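Chains, contacts and geometry: an overview
As a plain string of letters, each chain reads:
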Amino acid sequence: AGTLAAISKHLGPVFAVRCTHSVADAWQDLSRTIEVNPEEKRALSTVSIRFASTIVDLACLGDASMDAAVSSGATTLLLDLISDSSDPLMQVSALDLLERMATTIPMHGSRAR
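So, here is what we can say about the structure in this document.

Conventions we followed
- Residues numbered from 1 in each chain as written.
- Predicted model: local features only at pLDDT ≥ 70, side-chain atom pairs only at ≥ 80, totals over all residues.
- Heavy atoms only, no water.
- Helix = DSSP H or I, 4+ residues; strand = E, 2+ residues; numbered from the N terminus.
- Rg over C-alpha atoms; globule rule 2.2 N^0.38 Å.
- Buried < 20%, exposed > 50% of the residue type's maximum accessible area, 1.4 Å probe, protein only.
- Contact = heavy atoms within 4.5 Å.
- Areas by Shrake-Rupley, 256 points an atom, 1.4 Å probe, with all protein chains shown as cover.
- Lys, Arg positive; Asp, Glu negative; His and termini not counted.
- Charge placed at Lys NZ, Arg CZ, Asp CG, Glu CD.
- 1 Å grid on protein atoms, 1.4 Å probe; cavity = no way out; pocket = protein on both sides within 12 Å on 5 of 7 lines; lining within 4 Å.
- Points joined across faces, edges and corners; volume = space filled by probe spheres on them.
- Nonpolar A, V, L, I, M, F, W, Y, C, P; charged D, E, K, R; others polar.
- Salt bridge = Lys/Arg side-chain N within 4 Å of Asp/Glu carboxyl O.

1. Side note on the overall build of the chain
- Check the secondary structure of the chain and you find 7 helices and 0 strands.
- Helices and strands appear in the chain in the N-to-C order α-α-α-α-α-α-α.
- A compact globule built from 113 residues would reach a C-alpha radius of gyration of about 13 Å, and the chain, at 14 Å, matches this within 12%.
- Among the 113 residues that make up the chain, the fraction classed as buried is 42%.
- When contacts within the chain are restricted to residue pairs at least 6 apart in sequence, long-range pairs at least 24 apart make up 66% of them.
- For the chain, the exposed area adds up to about 6300 Å²; of that, 60% sits on carbon and sulfur atoms.
- Taken as two groups, the 9 positive and 13 negative side-chain charges of the chain have centres that lie 7 Å from each other.

2. Points about the layout of surface pockets
- Put simply, the largest pocket is a space of about 250 Å³.
- Residue lining of the largest pocket: 13 residues in total, with Ser-31, Ile-34, Lys-41, Asp-80 and Leu-81 positioned closest to the centre.
- When contributions to the lining of the largest pocket are tallied by element, the ones reaching two or more residues are α2 (13-36), α3 (41-59) and α5 (74-82).
- Grouping the amino acids of the lining of the largest pocket by side-chain chemistry returns 6 nonpolar, 3 polar and 4 charged.

3. Quick notes on the pattern of salt bridges
- Enumeration according to the criterion identifies 4 salt bridges in this entry.
- Between Asp-87 and Arg-42 there is a salt bridge, with its nearest N and O atoms 3.7 Å apart. Here Arg-42 lies in helix α3 and Asp-87 lies in the loop between α5 and α6 (88-103), a separation of 45 residues in the sequence.
- For Asp-87, a relative accessible area of 7% translates into the label buried.

Shown next as C-alpha coordinates:
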(Lines give C-alpha, C1' and ligand atoms only; values in the text may rest on other atoms or scores of the structure.)
Protein backbone atom coordinates (compact mmCIF):
# COMPACT_ATOMS: atom_id res chain seq x y z
CA ALA A 1 0.00 0.00 0.00
CA GLY A 2 2.74 2.43 0.94
CA THR A 3 4.71 1.74 -2.23
CA LEU A 4 1.70 2.33 -4.46
CA ALA A 5 0.94 5.59 -2.65
CA ALA A 6 4.57 6.71 -2.95
CA ILE A 7 4.62 5.99 -6.69
CA SER A 8 1.26 7.75 -7.09
CA LYS A 9 2.54 10.76 -5.20
CA HIS A 10 5.55 10.93 -7.49
CA LEU A 11 3.64 10.39 -10.75
CA GLY A 12 0.74 12.66 -9.89
CA PRO A 13 -3.04 12.71 -9.66
CA VAL A 14 -3.80 10.98 -12.97
CA PHE A 15 -1.85 7.90 -11.92
CA ALA A 16 -3.27 8.03 -8.38
CA VAL A 17 -6.83 8.10 -9.71
CA ARG A 18 -6.16 5.11 -11.99
CA CYS A 19 -4.66 3.22 -9.06
CA THR A 20 -7.60 4.10 -6.84
CA HIS A 21 -10.10 2.81 -9.39
CA SER A 22 -8.08 -0.38 -9.97
CA VAL A 23 -7.79 -1.16 -6.27
CA ALA A 24 -11.48 -0.38 -5.75
CA ASP A 25 -12.44 -2.72 -8.61
CA ALA A 26 -10.34 -5.53 -7.14
CA TRP A 27 -11.86 -4.91 -3.71
CA GLN A 28 -15.38 -5.05 -5.16
CA ASP A 29 -14.51 -8.36 -6.85
CA LEU A 30 -13.38 -9.68 -3.47
CA SER A 31 -16.63 -8.46 -1.87
CA ARG A 32 -18.64 -10.32 -4.50
CA THR A 33 -16.61 -13.46 -3.80
CA ILE A 34 -17.42 -13.13 -0.10
CA GLU A 35 -21.14 -12.70 -0.90
CA VAL A 36 -21.11 -15.90 -2.96
CA ASN A 37 -18.99 -17.84 -0.44
CA PRO A 38 -19.76 -16.43 3.04
CA GLU A 39 -17.78 -19.23 4.69
CA GLU A 40 -14.60 -17.62 3.28
CA LYS A 41 -15.36 -14.23 4.80
CA ARG A 42 -13.08 -14.52 7.83
CA ALA A 43 -10.22 -15.90 5.74
CA LEU A 44 -10.51 -12.99 3.31
CA SER A 45 -10.87 -10.26 5.94
CA THR A 46 -7.12 -9.60 5.92
CA VAL A 47 -7.24 -8.99 2.17
CA SER A 48 -10.20 -6.64 2.65
CA ILE A 49 -8.25 -4.62 5.21
CA ARG A 50 -5.24 -4.46 2.88
CA PHE A 51 -7.46 -3.08 0.11
CA ALA A 52 -8.96 -0.58 2.55
CA SER A 53 -5.51 0.51 3.71
CA THR A 54 -4.38 1.07 0.13
CA ILE A 55 -7.50 3.10 -0.66
CA VAL A 56 -6.96 5.27 2.43
CA ASP A 57 -3.31 5.86 1.51
CA LEU A 58 -4.33 6.90 -1.99
CA ALA A 59 -7.30 9.02 -0.87
CA CYS A 60 -5.05 11.02 1.44
CA LEU A 61 -2.90 12.13 -1.52
CA GLY A 62 -5.35 14.75 -2.72
CA ASP A 63 -8.77 15.74 -3.97
CA ALA A 64 -8.62 13.74 -7.20
CA SER A 65 -7.82 10.50 -5.36
CA MET A 66 -10.50 11.10 -2.73
CA ASP A 67 -13.07 11.83 -5.42
CA ALA A 68 -12.03 8.59 -7.15
CA ALA A 69 -12.38 6.65 -3.90
CA VAL A 70 -15.92 7.99 -3.47
CA SER A 71 -17.02 7.54 -7.09
CA SER A 72 -15.63 4.00 -7.28
CA GLY A 73 -17.54 2.90 -4.19
CA ALA A 74 -14.41 2.26 -2.13
CA THR A 75 -15.47 4.56 0.70
CA THR A 76 -18.79 2.71 0.87
CA LEU A 77 -16.90 -0.58 1.16
CA LEU A 78 -14.85 0.91 4.00
CA LEU A 79 -18.02 1.96 5.82
CA ASP A 80 -19.47 -1.52 5.21
CA LEU A 81 -16.46 -3.03 7.01
CA ILE A 82 -17.03 -0.76 9.98
CA SER A 83 -20.69 -1.71 10.24
CA ASP A 84 -20.10 -5.48 9.89
CA SER A 85 -20.43 -6.85 13.42
CA SER A 86 -19.55 -10.42 12.42
CA ASP A 87 -15.80 -9.68 12.64
CA PRO A 88 -14.96 -7.24 15.47
CA LEU A 89 -11.23 -7.21 14.67
CA MET A 90 -11.94 -6.21 11.08
CA GLN A 91 -14.34 -3.54 12.36
CA VAL A 92 -11.69 -2.00 14.60
CA SER A 93 -9.07 -2.15 11.85
CA ALA A 94 -11.42 -0.40 9.42
CA LEU A 95 -12.27 2.21 12.06
CA ASP A 96 -8.54 2.88 12.53
CA LEU A 97 -8.22 3.43 8.78
CA LEU A 98 -11.16 5.82 8.76
CA GLU A 99 -9.54 7.74 11.60
CA ARG A 100 -6.29 7.92 9.62
CA MET A 101 -8.19 9.24 6.61
CA ALA A 102 -9.91 11.87 8.75
CA THR A 103 -6.77 13.11 10.51
CA THR A 104 -4.01 12.98 7.89
CA ILE A 105 -2.53 16.41 7.19
CA PRO A 106 -2.77 18.21 4.82
CA MET A 107 -6.56 17.97 4.76
CA HIS A 108 -7.71 18.32 1.16
CA GLY A 109 -11.10 19.78 0.28
CA SER A 110 -12.68 16.51 -0.88
CA ARG A 111 -11.77 14.70 2.33
CA ALA A 112 -13.07 17.59 4.42
CA ARG A 113 -16.56 17.17 2.95
